[in-house]
Amino acid sequence: EAPSHSMAKDTKLKRKTNPRDEAGFISKWTYHYVEPLLKKGLEKPLEQEDLYEVSCRDEVPFVADKVKTNWEKELEISSKFKKDPSFAKALYASFKSDILISAMFFLLESISTIAQPVVLFYLISWLGNQNNVDFGEYFGWLMASLLAFLAFVKTVLHHVSFYISMRLGWNLKMACSGLIQRKVL
């Protein structure tokens, strides 16, 4: 028999707080806060007690309340100006910082992706000395180092932006589902 989703509530399982809530900037970017759980998973199969609580920022009541508050503001503004309310505007207001941060990371990732072939062109030109310009030995080392650095930056930015956008997506879904559930019940 498959375990039910409400198993934690049925057995009053007490879980540890989510380490991401207190993790620092570098730990969040490198996912270092998950290391103790991964080590425990290497030693033995993980049990329900080993898992962390859902991050307080990702709980349905928190995200649903945030959207509900912004939806009420949108209703107020739309009635004041006699126009149709926009649920999309309420969602944007609720998750504006996550949307902008995600967009910023995707932009930076795109810049690093575009910069790699440019740097590679200069490195290959230096190696082949096609321009008959002697930039010196340090130019080649600089271009090779810059290429490696850009690849590293792109990798980090890709994973961080993917995580932020996935988290944004599941919070949008949970907020909408939570509001629908409240309306139905």
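Residues numbered from 1 in each chain as written. Predicted model: local features only at pLDDT ≥ 70, side-chain atom pairs only at ≥ 80, totals over all residues. Heavy atoms only, no water.

> Hey, could you go over unusual backbone geometry for me, with residue numbers and the actual values?
Despite not being glycine, Tyr-31 shows a phi value in the positive range, around 60 degrees. Mapped onto the elements of the fold, Tyr-31 is located in the loop between helix 2 (25-30) and helix 3 (35-43). (Helix = DSSP H or I, 4+ residues; strand = E, 2+ residues; numbered from the N terminus.)

> So what's going on with the packing of aromatic side chains? Residues and values would help.
When we look at a pair of aromatic rings, we describe it by the centre distance and by the angle of the planes. This model, assessed by the stated rule, comprises 6 aromatic pairs. Taking the centre distance of 5.5 Å and the plane angle of 75 degrees together, the rings of Trp-71 and Phe-87 count as edge-to-face. You can see Trp-71 sitting in helix 4 (residues 60-80) and its partner Phe-87 sitting in helix 5 (residues 87-94), a full 16 residues away along the chain. On the accessibility criterion, Phe-87 (32% relative accessible area) is partly exposed. Feature note: the residues Phe-25, Trp-29 and Phe-105 constitute an aromatic cluster, connected by ring pairs. (Phe/Tyr/Trp six-rings, centres within 6.5 Å; stacked < 30°, edge-to-face > 60°. Buried < 20%, exposed > 50% of the residue type's maximum accessible area, 1.4 Å probe, protein only.)

> Can you tell me about the nonpolar core, naming the residues and giving the values?
By size, the foremost hydrophobic cluster in this structure holds 8 residues: Val-63, Ala-64, Val-67, Leu-91, Phe-95, Leu-168, Ala-175 and Leu-179. Elements represented by at least two residues in this core include exactly helix 4 and helix 7 (137-184). Excluding its chain neighbours within four sequence positions, the residues that come into contact with Val-63 are Arg-57, Phe-95, Asn-171, Met-174 and Ala-175. Within the second largest apolar cluster, 5 residues are counted, among which are Val-119, Leu-123, Phe-139 and Met-143. (Core = buried A, V, L, I, M, F, W, Y, C linked by side-chain atoms within 4.5 Å. Contact = heavy atoms within 4.5 Å.)

> Please provide a residue-by-residue account of the pattern of salt bridges, values included.
Enumeration over the complete set of coordinates arrives at 8 salt bridges. One salt bridge connects Lys-40 with Asp-50, and the closest N-O pair in it is separated by 3.7 Å. With Lys-40 in helix 3 and Asp-50 in the loop between helix 3 and helix 4, this residue pair connects regions lying 10 residues apart in the sequence. When the shortest N-O distance is used, the salt bridge between Arg-182 and Asp-65 registers 2.8 Å. Here Arg-182 is found in helix 7, whereas its partner Asp-65 is found in helix 4, with 117 residues between them in sequence. The class of Arg-182 is partly exposed, set by a relative accessible area of 38%. Residues participating in the shared-partner salt-bridge network are Lys-40, Lys-44 and Asp-50. (Salt bridge = Lys/Arg side-chain N within 4 Å of Asp/Glu carboxyl O.)

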